[in-house]
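# Residue-level structural notes
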Amino acid sequence: MADLLRETVRAAAEDGADWRALGEQLGVLGLAVPERWGGSGAGLGEAAVVAEELGAVLASVPFVSTVVAARLLVESGDDAACADLLPGLCDGSRTFAVASLPTGVDRPAGTAEGVVDGPGATDLLVLAGDGLFHVDGAAAEVVPVPTLDLTRPQADITFAETPARRLGPAAPATDVAVTLLAAELVGVARTMLDTAVTYARERVQFGRPIGSFQAVKHRCADMLVELELARSVAEHAARTHDHGGDDPALASSLAHVVATDAARRVTGDAIQVLGGVGITWEHPAHRYYKRAVTSAALWGGRAHRDRLAKLAIDGNDGRSSHAG
Amino acid sequence: MADLLRETVRAAAEDGADWRALGEQLGVLGLAVPERWGGSGAGLGEAAVVAEELGAVLASVPFVSTVVAARLLVESGDDAACADLLPGLCDGSRTFAVASLPTGVDRPAGTAEGVVDGPGATDLLVLAGDGLFHVDGAAAEVVPVPTLDLTRPQADITFAETPARRLGPAAPATDVAVTLLAAELVGVARTMLDTAVTYARERVQFGRPIGSFQAVKHRCADMLVELELARSVAEHAARTHDHGGDDPALASSLAHVVATDAARRVTGDAIQVLGGVGITWEHPAHRYYKRAVTSAALWGGRAHRDRLAKLAIDGNDGRSSHAG
Amino acid sequence: MTEHLVVDAARRLVAEHPPASTPTEEFLGARFDAGLAWVHFPRGLGGLGVAPGLQGAADAVVEAAGGPNPFDLNPMGYGMAAPTVLAHGSPALHERLLRPLYTCEEIWCQLFSEPGAGSDLAGLATRAVRDGDGWRATGQKVWTSKAHEARWALLLARTDPDVPKHKGLTYFVLDMRDPGVEVRPLRQLTGDAEFNEVWLRDARLDDAWRLGDVGAGWKVAMTTLMNERTAIGGGSIERGSGSIGDALALWRSQPDPGLRDRIVTLFARADALRLTGMRHAAERGDGPAGPMGSLGKLVGAELNQAVYELCVDLLGTAGTRHPGYDGDPATHDTLTWKFLRSRANTIEGGTAEVLRGILAERVLGLPGDIRVDKDTPWREVPRG
Amino acid sequence: MTEHLVVDAARRLVAEHPPASTPTEEFLGARFDAGLAWVHFPRGLGGLGVAPGLQGAADAVVEAAGGPNPFDLNPMGYGMAAPTVLAHGSPALHERLLRPLYTCEEIWCQLFSEPGAGSDLAGLATRAVRDGDGWRATGQKVWTSKAHEARWALLLARTDPDVPKHKGLTYFVLDMRDPGVEVRPLRQLTGDAEFNEVWLRDARLDDAWRLGDVGAGWKVAMTTLMNERTAIGGGSIERGSGSIGDALALWRSQPDPGLRDRIVTLFARADALRLTGMRHAAERGDGPAGPMGSLGKLVGAELNQAVYELCVDLLGTAGTRHPGYDGDPATHDTLTWKFLRSRANTIEGGTAEVLRGILAERVLGLPGDIRVDKDTPWREVPRG
């Protein structure tokens, strides 16, 4: 099942990852949504497969936000809202972004900065104070911000007297987000390792493929190591969310720390292996690099390192801490 | 002058670095001691040359302690003590160790732990409270401690009703010590780089010298980089002490941070280049490695990183801070 | 045969031979005879002829009952000699060697590496020449654990110096009691002598104790080495065990804010490696580790070094003390001993450089290094 | 001639041609005519025929007076073309080229690298064939800065494909106005187009504008490249300037305890590199940088990357924003632009791998890589 899903998404992703097709035809947007609301009742493990394949082609689609939104809606307990919103989420006719307001703001008011996938979102889920709210994307002031990674848009979103519907209590969104992010970065790293290895096999300097030089060869081996470590933590986090067996908070932060480090290193090293070609705008390597670099700062960023320390290293009981 | 000094010490060091010969015949123990007390009135720059050459052969002699002790004596302003003690220091008939007592102890009492060059020292200079004291080595209880680096002995030294002579106010000893330590580690790293390069040129595997493999070759290049950086900070620290031009505290801590990192890396990498031979007891590489590793913890250890941050990075005025 | 039959047999074994009251040799003999030594071996040779994946079921029962682990007692015998003897030895050798190997009455060692042949193992120089119906071996081996207590050795020797290096090797079982064998302990930087140097001077080899064809030694050795890499790379599966556990314990007793970022990085890497080991094991099932098995060894080795370097930094001046270099096992529990010992991790059992080459060439398919000695008769290849 | 005579001449120059009120070309022309362009060049060609170490005295006076720096305006001309033309050009070329080069009326570029010849520069494929009393060049060059504004180019082309690669190259001055020259900007990952691709299609070369003998191009190019490495590797001597200065400023405005150990390490390394640059410069005096010059470039490049990675980590989510990729110079002051730009540092002007090779082989004396193409005619060497 996972293999079939992977092949299907891979084929679609390589064809351009049209959002409506992902929803209507492939049905992968609602993988983790119960069937009664238009989804397929699978888990994060399946969603992670999709995230990896979308990461592998660097698809500029709001997949992570979509799965996080679905999870927040389902867990809100507001069945009416689920019935209203989830079918559109599943078929791709609605696109979601999740905005967190600063501490002290208890309803949609003021500005949420750098909301990932904010530009163009038809629907916004807003975490404010202890509540989760739904806001119509057209009712808020959405100002796109210029991003380093052009394939993952952000917006500063301002709420002023904006109509909002309270769906339920606030729930942490970060753990699901970074679990998918890690899977996405496995895809990112995988493509860049493949790209570097192919280039190292084919590029000839000094009368031999550059991959026969240890400096290049051993760098590629290190990239493989990073990819394998990232894959392990990403799969572990998704499995933990779906099936338990570990602390989801710990598994999520671990996934963020390892996968973002790995992706930054692999994409940076890929540019080095590619040499001059790798620093041109024309070659896709820089887009992957920018995705990896910015991912390390999103959905909690380095706070995951601190949380990991609290949960697993310092030795006190830090189970209630969460990052981002 | 420096070249001649270097050649002289190098020849003596390679012959076994007999302590009395270094003092009586070569006159290098009192390099930084005024001539009227048996020294040659030179500076730390010259002493650093000696330290480097002694480090290069991993001589098990208390040179750093000797120079620190000389500096403390000269700066104490106690001319009678200088006249008593310095001639013996210069000719090698006396050997010195410098002990620091914990805060709160204002005279030689209690135990100073891990006093470098403590075993066998004929004379002890003790920093206690705001005073500098002289204690006869035979009058204190000197218990050698088992060390990782067998070439640099330490002792726990206990003072109980021990006769002590107050020489003057306490003065920081660490900056001079780490300046010489850095020079010593340049010698340590230099020998290990030479050893690794020679081995890489001569050792044949797969029908070619292993130095023709980039993994080995580039490692050696990185070792060269570390050595060059270490040499620069070590020389800069000695020059700063002798001639100003920078903050001696900053230059000393910089020298400790860079030179200890460099020496650990170079000696560790040398073992890797040597392969199986490098992990045998018989080959000297492990002795150099142990010297480098332990040096990072002595005379302030990682506190130098903190001091460097206070002096040069944080941007507040931390000029009065000192490490160790 | 299904798993429960193996489990039943194991339960019978521990019931009839309670490990607590049965001498080790006797228990292992009974386990061998019950076919639970290595369940995928043929019946009569310690096995039941079933899938190797069922071994875990037997091991679990025996371990739970406190039974002895032959791998700890006879690592080269159990991990390397047994599969090699089974695959390449005659029925007579199976009969003679496997049972006492398993019972640990006969300890084994491995005579592969030489002072002049480390990473380039196939370049080894120990010569075996025909002598009547047997052979005589002369040369020097090194990095041999257990040589001083070993009854038998796996020996790789050059029988034809006039062909390229991989083609002139032959694989033998050597009698360590032969008068032509001299063993000397080799002291390491920890002060311990875990390994030995072994000199062979016209040591007698029986042709019937040859494993594989004359000239096929390299291929046979690959069986042995693949088992070695798995054995070394196989890690524990408890979070926070091994070297990182030592660091965590030290950290909890004396945390240092300036080192927190480093311990986070190392913990995350250690846990990622732990999860990778479990994932790879699950993915390969009963299959051999293959070249990807080098990954765990490589990462684990470099991680060990970084973790114990962190420990030494945490220890500060306490890390400049060390109880001694006399090989006393009591010193092995100190962080400084472990720190020193870890320095060999990136060299022993395949250097970090060799392992990176394996990953790059055999997993990623990158081209090999230029081999100047590939088609040259061994005799003419420069060595040193 | 002693230093004070140089200083006197420089003082006279800035007194007679006050930089503030003198057009750049005119000032530089006057400086050239005063022999203060490059004091070690012959009189009449911008020099005084004195030791190169005296140049610094002239530079200091001019800089203090606010005079223009020709290196900034015409880097390839000043840093590479001038020494190469002087060493290998005819007197007629000296006369024609050096003065307008120095006044920056004529900008220069360098046509060495090709898509198929990066690290392996000597493998380049641009062909120059005899055509009457001149030559015609065809091929593609890349990584050419200033190509769009250059009047002249230093061109390395293959004149004999039937000899090993280093032996078949010849070095020319190319007229960039030739109709066979096409320049296209090459956009980098920052969005800027600092460099160009240059296509040559039967571009005309005058044999009198050849630098060095036919087939001696590699040797001539070494003159040029040694000057390039020095130019790139030469660093500033202010503590806390350059990339580490950016990090320190950011740190002071928003310190992060978790990153303190990293900034300490990077600051210490940056300062050690700064001191190393000064030490090496003092040690070599007037001499060329030589292979040790690669050290500063290597360390500086990797340090820049690590420093700007730290900045991005310090910035947190602010580091995910970036003003744009339209090449607007205003973006160059952002930390994110500098971060992106630093990625090229380990590739341009000699990759980190090439520089490590230079240090290992030419400073430490380690053996070279196995060169499969060394004795093979260029035509038969695989390329791609």
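Bear in mind the structure is a predicted one, so any value in this text is a computation, not a measurement.

The helix and strand tally for chain C stands at 12 helices and 7 strands. By the compact-globule yardstick of 21 Å for 384 residues, chain C fits well, its C-alpha radius of gyration being 22 Å. Considered along the principal axes of its C-alpha atoms, chain C spans approximately 70 × 60 × 45 Å. If you take every contact in chain C between residues at least 6 apart in sequence, the share linking residues at least 24 apart comes to 70%. Roughly 15,300 Å² of accessible area belongs to chain C as shown, and the carbon and sulfur atoms make up 52% of that amount.

Turning our attention to helix H6 (residues 174–202) of chain A. Spanning 29 residues, H6 of chain A covers 41 Å between terminal C-alpha atoms, matching the ideal 42 Å at 1.5 Å per step. Most of H6 of chain A sits out of view: 24 of its 29 residues are buried.

On to the interface of chain D and chain C. The interface is formed by 5 residues belonging to chain D together with 5 residues belonging to chain C. Broken down residue by residue, the surface that chain D buries against chain C is led by Gly 258, Asp 261 and Ile 370 of chain D, which jointly contribute 73%. The interface formed by chain D and chain C includes 0 salt bridges. For the pair chain D and chain C, the interface holds 0 residue pairs in polar contact (both at pLDDT 80 or more).

Once that is clear, we can look at the relation of the copies chain D and chain C. Here chain D sits on chain C after a turn of 180 degrees about the axis and a move of 0.0 Å along it, with an RMSD of 0.1 Å. Such values leave the two copies arranged in the relation of a two-fold axis. Taken as a fraction of all interface residues of chain D, those also at the interface in chain C reach 100%, which identifies the copy contact as same-surface.

Moving on, we come to the domain arrangement of chain C. All names here are of chain C. When cut into domains, chain C gives domain 1 (3–68), domain 2 (108–220) and domain 3 (234–363). With 9 residues of domain 2 in contact, the opposing surface of domain 3 contributes 11 residues. For the pair domain 2 and domain 3, the two sides together bury roughly 740 Å², of which 50% comes from carbon and sulfur. Sorting the residues of domain 2 by area buried against domain 3 places Leu 189, Thr 190 and Asp 192 first, and these three jointly supply 57% of that buried surface. Where domain 2 packs against domain 3, one counts 1 salt bridge. Residue Arg 341 pairs with Glu 194 through a salt bridge whose shortest N-O separation is 2.6 Å. Taken together, the links from domain 2 to domain 3 amount to 4 residue pairs in polar contact (both at pLDDT 80 or more).

Our next topic: the side chain of Thr 190 of chain D. All names here are of chain D. Turning to its location among the elements, Thr 190 is positioned in the loop between strand S6 (181–186) and strand S7 (195–206). For Thr 190, a relative accessible area of 2% corresponds to the buried category. One polar contact links the side chain of Thr 190 to the main-chain amide nitrogen of Asp 192, over a distance of 3.2 Å. In this structure Thr 190 touches Gly 324, Tyr 325, Trp 337, Leu 340 and Arg 341, once residues within four positions along its chain are discounted.

Taking the numbering used here, the UniProt-annotated feature "domain: Acyl-CoA dehydrogenase/oxidase N-terminal" (unreviewed entry) corresponds to residues 18–92 of chain A. Split by type, residues 18–92 of chain A is 63% helix and 0% strand. Its first and last C-alpha atoms lie 10 Å apart.

Here the focus is the UniProt feature "domain: Acyl-CoA oxidase/dehydrogenase middle" (unreviewed entry) in chain C. Feature annotation in UniProt assigns "domain: Acyl-CoA oxidase/dehydrogenase middle" (unreviewed entry) to the following positions: residues 109–191 of chain C. Helix makes up 0% of residues 109–191 of chain C and strand makes up 48%, while its end C-alpha atoms are separated by 21 Å.

Listed as interface residues are 47 residues of chain D and, on the opposing side, 38 residues of chain A. For the pair chain D and chain A, the summed buried surface comes to about 3,500 Å²; carbon and sulfur atoms form 57% of the total. Sorting the residues of chain D by area buried against chain A places Leu 189, Thr 320 and Arg 321 of chain D first, and these three jointly supply 19% of that buried surface. Our count for the chain D to chain A interface comes out at 4 salt bridges. Here Arg 219 of chain A and Glu 353 of chain D are joined by a salt bridge, their closest N and O atoms 3.1 Å apart. Our count for the contact surface shared by chain D and chain A stands at 21 residue pairs in polar contact (both at pLDDT 80 or more). Taken together, the elements giving at least two residues each to the side of chain D that touches chain A come down to helix H10 (293–315), helix H11 (335–342) and helix H12 (352–363) of chain D.

Per the UniProt record, "domain: Acyl-CoA dehydrogenase/oxidase C-terminal" (unreviewed entry) is annotated on residues 180–301 of chain A. Taken end to end, residues 180–301 of chain A has its terminal C-alpha atoms 14 Å apart, with 75% of it in helix and 3% in strand.

This part is about the side chain of Thr 351 of chain C. Following the sequence through the fold, Thr 351 of chain C ends up in the loop between helix H11 (335–342) and helix H12 (352–363). Those residues in contact with Thr 351 of chain C that sit more than four places away from it in its chain are Gln 272 of chain B together with Ser 119 and Thr 346 of chain C.

A few words now on the packing of aromatic side chains. Evaluated as defined, the whole model comprises 28 aromatic pairs over all chains. Considering the side-chain rings of Trp 135 of chain C and Phe 172 of chain C, the 5.3 Å spacing of their centres and the 65 degrees angle between planes classify their relative orientation as edge-to-face. Residue Trp 135 of chain C is located in strand S3 (residues 134–145), and its partner Phe 172 of chain C is located in strand S5 (residues 169–175); the two are separated by 37 residues in the primary sequence. Judged by its relative accessible area of 0%, Phe 172 of chain C falls in the buried class. Through a chain of ring-to-ring contacts, three or more aromatic side chains come together here, namely Phe 32, Trp 38, Phe 41, Phe 71, Tyr 78 and Tyr 102 of chain C. Here the guanidinium or amino end of Arg 36 of chain B rests over the ring plane of Trp 37 of chain B, the centre of that ring lying 3.8 Å away. If you follow Arg 151 of chain C out to its NZ or CZ, it ends over the ring of Trp 152 of chain C, 4.2 Å from the centre.

Residue and element names in this part refer to chain A. When cut into domains, chain A gives domain 1 (1–94), domain 2 (95–171) and domain 3 (174–314). Each of domain 1 and domain 3 has a C-alpha centre, and the two are 23 Å apart. Residue-level contacts link 21 residues of domain 1 with 20 residues of domain 3. Connecting domain 1 to domain 3 are 3 salt bridges. A salt bridge links Glu 52 to Arg 231; the nearest nitrogen and oxygen atoms lie 3.0 Å apart. On inspection of domain 1 and its partner domain 3, the count reaches 8 residue pairs in polar contact (both at pLDDT 80 or more). Residue composition of the side of domain 1 that touches domain 3, by class: 11 nonpolar, 4 polar and 6 charged.

Glancing now at the pairing of strand S3 (residues 123–128) of chain A. A regular strand places its side chains so that they alternate between the two faces of the sheet. All names here are of chain A. Here S3 lies mainly inside the structure; 6 of its 6 residues are buried. Residues Asp 123, Leu 125 and Leu 127 point to one face of S3 and Leu 124, Val 126 and Ala 128 to the other, with burial holding for every one of them. Taken together, the 5 bridges between strand S1 (residues 96–100) and S3 define a ladder with parallel strand orientation. Opposite Val 98, over in S3, you have Leu 125 as the bridge partner. Note: S3 against strand S4 (residues 131–136), 6 bridges, orientation antiparallel. Of the residues in S4, the one forming a bridge with Leu 127 is Leu 132.

For the rest of this paragraph, the subject is the environment of Gly 293 of chain D. Considering the arrangement of structural elements, one finds Gly 293 of chain D in helix H10. Residues Gly 293 of chain D and Ile 358 of chain D, spaced 65 residues apart in sequence, show a C-alpha to C-alpha distance of 9.6 Å.

This next bit is on the environment of Arg 321 of chain D. Among the secondary structure elements, Arg 321 of chain D is positioned in the loop between H10 and H11. Given the relative accessible area of 27%, Arg 321 of chain D is considered partly exposed. With 204 residues separating them in the primary sequence, Arg 321 of chain D and Ala 117 of chain D have C-alpha atoms 36 Å apart. Apart from residues lying up to four places away in sequence, Arg 321 of chain D is in contact with Glu 113, Gly 114, Val 145, Pro 146, Thr 147, Leu 148 and Asp 156 of chain A together with Thr 336 of chain D. Within the local environment of Arg 321 of chain D, its side chain forms a polar contact with the side chain of Asp 156 of chain A, the two groups lying 2.5 Å apart.

Quick notes on the rules
- Residues numbered from 1 in each chain as written.
- Chains lettered and ligands numbered in written order.
- Predicted model: local features only at pLDDT ≥ 70, side-chain atom pairs only at ≥ 80, totals over all residues.
- Heavy atoms only, no water.
- Helix = DSSP H or I, 4+ residues; strand = E, 2+ residues; numbered from the N terminus.
- Rg over C-alpha atoms; globule rule 2.2 N^0.38 Å.
- Contact = heavy atoms within 4.5 Å.
- Areas by Shrake-Rupley, 256 points an atom, 1.4 Å probe, with all protein chains shown as cover.
- Expected span 1.5 Å × (residues − 1).
- Buried < 20%, exposed > 50% of the residue type's maximum accessible area, 1.4 Å probe, protein only.
- Buried area = accessible area lost by both parts, 1.4 Å probe.
- Salt bridge = Lys/Arg side-chain N within 4 Å of Asp/Glu carboxyl O.
- Polar contact = N/O pair within 3.5 Å; in protein donor to acceptor, adjacent residues only side chain to side chain.
- Least-squares fit on C-alpha atoms with pLDDT ≥ 70 in both.
- Domains from an automatic or database assignment.
- UniProt positions renumbered as here; feature names shortened; annotations may be inferred.
- Phe/Tyr/Trp six-rings, centres within 6.5 Å; stacked < 30°, edge-to-face > 60°.
- Lys NZ or Arg CZ within 6 Å of the ring centre and 35° of its normal.
- Nonpolar A, V, L, I, M, F, W, Y, C, P; charged D, E, K, R; others polar.
- Pairing = 2+ DSSP bridges.

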